[in-house]
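Structural overview
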Amino acid sequence: MLFMQDSNQDMKKLKSSFFKRSTLVVAQELLGKVLVFKNFRGVITETEAYMGFDDPASHAFRGLTPRTEVMFGPAGFSYVYLIYGMYHCLNIVTEKEGFPAAVLIRGVKLLSKSGLHLDGPGKICRHLGITREHSGLNLITDNEFYVGCIKHNFEFTTTPRIGIKVATDKLWRFLAKLPKE
DNA sequence: ACCCCGATCGTA
DNA sequence: ACGATCGGGGTT
C-alpha cells in the first residue's frame, strides 16, 4: 500500500485561496493531494496547466464560449469537457475571476485496496463516472466533490503537455515521483 | 446547415 | 502508428 488512507474527518478540504493563485504553482502543488468524488479517493499524480489568453493550447484561447465559460469564472470550480467524442477530462479552475485558467487532472492513484493507478484524464473520468454534468460545480463547498490535503512537497518532474501541437516548449506538465512499491 | 479538428485511449 | 467517434467552434 503506497499511501495511508485517511479518515473523512482528517481530510482537510482545499480552500478557494489555494486555487486562486498562479496556475503553474497550483498544478505542481496539486500533486500529492487527494481528489474526492463520491466514494472515490485518489492521490493526484499528474497535472497540466492551461492558462491565460495567450496560451494557444488552452480552450480559452479563442475566447469565452458556453463550454469554456467556467474557465473565466472564480477558482475552485470544475471544468469537464468531452474530447474526441468519447472521453471526458476533469479540470479545476484557477486564478482570479476573469483570467481563464485551469489545471487538467491527468493521473490519480486510488486510495483503496486495489491502489489502481488511473494514468490518463479519460481513464480517470471513465472510472469515477465524471461527465459534463459535473462541470461548473463548486469544489470549495461541495461535500462529495473536492480536493483534500494529506500530503505536501512531492518531488516532481516537468515535461511538455501531452496531445497538443502548439506551445510544446512550455514545461507545463507535472508528474509526481511516486514512492517505490 | 456544414465542415474540420481535437488537453485520448486501446490495439497493432 | 492509427482508428474510433461526436461535440464545439467557425464558417456559409
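Now for a quick tour of the structure. This one's a predicted model, so the numbers in the text were calculated from it and none came from an experiment. (Residues numbered from 1 in each chain as written. Chains lettered and ligands numbered in written order. Predicted model: local features only at pLDDT ≥ 70, side-chain atom pairs only at ≥ 80, totals over all residues. Heavy atoms only, no water.)

**A few points about the nonpolar core**
- Among the nonpolar cores identified, the biggest contains 34 residues, and Phe19, Leu30, Leu35, Leu90, Ile105, Leu128 and Val147 are the most heavily contacted of them.
- Of the residues forming this core, the biggest block, five residues, is contributed by strand 6 (residues 101-110).
- With near-sequence residues (within four places) excluded, Leu128 lies in contact with Leu35, Phe37, Phe40, Leu110 and Leu118.
- By size, the runner-up hydrophobic cluster in this structure holds 13 residues, among which are Tyr50, Val70, Val93 and Leu104. (Core = buried A, V, L, I, M, F, W, Y, C linked by side-chain atoms within 4.5 Å. Buried < 20%, exposed > 50% of the residue type's maximum accessible area, 1.4 Å probe, protein only. Helix = DSSP H or I, 4+ residues; strand = E, 2+ residues; numbered from the N terminus. Contact = heavy atoms within 4.5 Å.)

**Describing the pairing of strand 8 (residues 145-149)**
- With five of its five residues buried, strand 8 lies for the most part within the structure.
- Of the two faces of strand 8, the one carrying Phe145, Val147 and Cys149 and the one carrying Tyr146 and Gly148 are both buried.
- In this structure, strand 1 (residues 12-13) lies alongside strand 8, joined through two bridges in antiparallel fashion. When the bridges of strand 8 are listed, Lys13 appears paired with Gly148.
- Both strand 2 (residues 34-37) and strand 8 contribute to a ladder of four bridges, which runs antiparallel. When the bridges of strand 8 are listed, Val34 appears paired with Gly148. (Pairing = 2+ DSSP bridges.)

**A word on the protein's contact with DNA strand C**
- Around DNA strand C sit Arg62, Thr65, Arg67, Thr68, Leu82, Tyr84, Gly85, Met86 and Arg132, and that is every residue in its neighbourhood.
- Between DNA strand C and the protein, one listed contact pairs a phosphate oxygen with a side-chain N or O atom of Thr65 at 2.5 Å.
- Tyr84 is positioned such that a nitrogen or oxygen atom in its backbone is 2.6 Å from a base oxygen of DNA strand C.
- Across the surface near DNA strand C, the residue classes tally to three nonpolar, three polar and three charged. (Near = heavy atom within 4 Å. Polar contact = N/O pair within 3.5 Å; in protein donor to acceptor, adjacent residues only side chain to side chain. Nonpolar A, V, L, I, M, F, W, Y, C, P; charged D, E, K, R; others polar.)

**Observations regarding helix 3 (residues 121-128)**
- The complete set of buried residues in helix 3 reads Pro121, Gly122, Ile124, Cys125 and Leu128. Viewed along the axis of helix 3, the buried residues span an arc of 160°, placing them on a single side of the element.
- Lining the buried residues of helix 3 we find strand 2, strand 3 (40-51), strand 5 (87-93), strand 6 and strand 7 (117-119).
- Directly after helix 3, the chain includes Gly129, whose backbone phi takes a positive value near 80°. (Arc of directions from axis to C-beta.)

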